[in-house]
Amino acid sequence: VRIDPRDGDRELTMARWGLIPFWMKEKPKVPHINARAETVHKLPLFREAFAKRRCLIPATGFYEWQQRDDGKQPYRFRRKDLEPFAFAGIWEFARLDGEEILSTAMIVGEPNPLVGGVHDRMPVILSSEGYERWLDPAAEMEELQSLMRPAADDLLVRYEVGREVNN
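Report on the accompanying structure.

How each quantity is defined
Residues numbered from 1 in each chain as written. Predicted model: local features only at pLDDT ≥ 70, side-chain atom pairs only at ≥ 80, totals over all residues. Heavy atoms only, no water. Helix = DSSP H or I, 4+ residues; strand = E, 2+ residues; numbered from the N terminus. Buried < 20%, exposed > 50% of the residue type's maximum accessible area, 1.4 Å probe, protein only. Pairing = 2+ DSSP bridges. Axes fitted to C-alpha atoms, helices over the stretch in contact; angles between N-to-C directions. Contact = heavy atoms within 4.5 Å. Polar contact = N/O pair within 3.5 Å; in protein donor to acceptor, adjacent residues only side chain to side chain. Salt bridge = Lys/Arg side-chain N within 4 Å of Asp/Glu carboxyl O.

Attention now goes to unusual backbone geometry. For Leu82, which is not glycine, the phi dihedral falls at a positive 65 degrees. Not every positive phi belongs to a glycine, and Asp97 is a case in point at roughly 50 degrees. Within the element layout of this structure, Asp97 appears in the loop between strand S8 (85-96) and strand S9 (99-109). In this structure Asp97 comes out as exposed when scored by relative accessible area, which is 83%.

Following this line, the structure appears as C-alpha cells:
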C-alpha cells in the first residue's frame, strides 16, 4: 500500500521484492530487500525513497532463521490473534532496458525479545495507528523514527517450521 504520486490516494499494488532506485542503470546483482532502520534515512541507496516513497507491506507472518550446530532452523512469526499486519517499507520506480519496475524493500530494526531469541534483526511492524503517519509524505524524521521500534513483546508467537522453507 502506497500513496499514488499522481493523485495522492492510497493504492494497493504489486511490487518487485528488492529495491531498485530510479537512478540505477542496471538491476543489482544482489537485491536490496531490507533497509536498516538506523541508516535508511542516511544511505544514498535508500535516502530519497525513505523521504518521499514509504509504503505498507501487508503480511500475515514472517520467517527468521536461527543458526544451529546442525544448520539453520527456520521459525515462523505471526500475530497471536491471527490478524494481518503491515511492515514499514519503501518503494521506487525505475526504468531499465525499457522495462518499468516498481520495487520495494522492508525496513528492519532491533528485535523484540521473542524474535531476538532467533535472530538479531526483525522487520519493523507498524501499529495500525501508525499507518497514516508512515504514509504521510510530510511526516517529520523524529515522527518516523518513533514508528520504527520493535513490535510489542506480546504481539507475536513463534514456532519452528520445516527446513524446506525458502528452499
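A sheet is described by the order of its strands in space; here three strands give the open sequence S6-S7-S12, paired in antiparallel fashion. Taken across any chain shown, the strands that pair with only one partner, and hence form the sheet edges, are strand S6 (62-68) and strand S12 (156-160). Taken over all neighbouring pairs, the strand axes of this sheet differ in orientation by 30 degrees on average, direction set aside. For strand S7 (residues 71-79) and S12, the ladder comprises five bridges, and the chain directions are antiparallel. Opposite Phe77, over in S12, you have Arg158 as the bridge partner.

Turning our eyes to something else, we now look at the pairing of S8. Burial analysis of S8 places ten of its twelve residues in the buried class, the great majority of the element. Relative to S8, strand S5 (residues 54-59) runs antiparallel, the two being bridged by six bridges. For Pro58, the partnering residue across the bridge sits in S8 and is Ala86. By the bridge criterion, two bridges tie S8 to strand S11 (residues 125-126) in an arrangement that is antiparallel.

Here we come to the environment of Leu155. Note on placement: Leu155 falls in the loop between helix H4 (141-147) and S12. Taking the C-alpha atoms as reference points, Leu155 and Phe77, separated by 78 residues in sequence, lie 9.9 Å from one another. Aside from chain neighbours lying at most four places away, what touches Leu155 is Arg78, Arg79, Lys80 and Ile125.

Moving on: the side chain of Arg121. By the element assignment, Arg121 lies in the loop between helix H2 (113-116) and strand S10 (122-123). A relative accessible area of 9% means that Arg121 is categorised as buried. One polar contact links the side chain of Arg121 to the main-chain carbonyl oxygen of Val108, over a distance of 3.2 Å. Once residues within four sequence positions are removed from consideration, Arg121 is found in contact with Arg36, Ala37, Glu38, Glu64, Val108, Gly109, Glu110, Pro111 and Val115.

Taken as a whole, this structure holds 13 salt bridges when the rule is applied. A salt bridge links Arg121 to Glu38; its shortest N-O distance comes to 2.8 Å. Linking Arg121 in the loop between H2 and S10 with Glu38 in the loop between strand S4 (34-36) and helix H1 (47-52), this pair joins segments that are 83 residues apart in sequence. Close ionic contact of Asp81 with Arg79 constitutes a salt bridge, the shortest N to O distance being 2.7 Å. Three or more residues joined by partner-sharing salt bridges are found here, namely Arg2, Asp4, Arg6 and Glu11.

When you tally the buried positions in S9, you get nine out of eleven residues, the bulk of the element. Sheet topology note: the strand S3 (residues 16-17)/S9 ladder contains two bridges and is parallel. Following the sheet pairing, Arg16 is matched in S9 by Ser103. Bridging between S4 and S9 involves three bridges; their strand directions are parallel.

The residue Gly61 is located in the loop between S5 and S6 in this model. Separated by 44 residues in the primary sequence, Gly61 and Ala105 place their C-alpha atoms 16 Å from one another.

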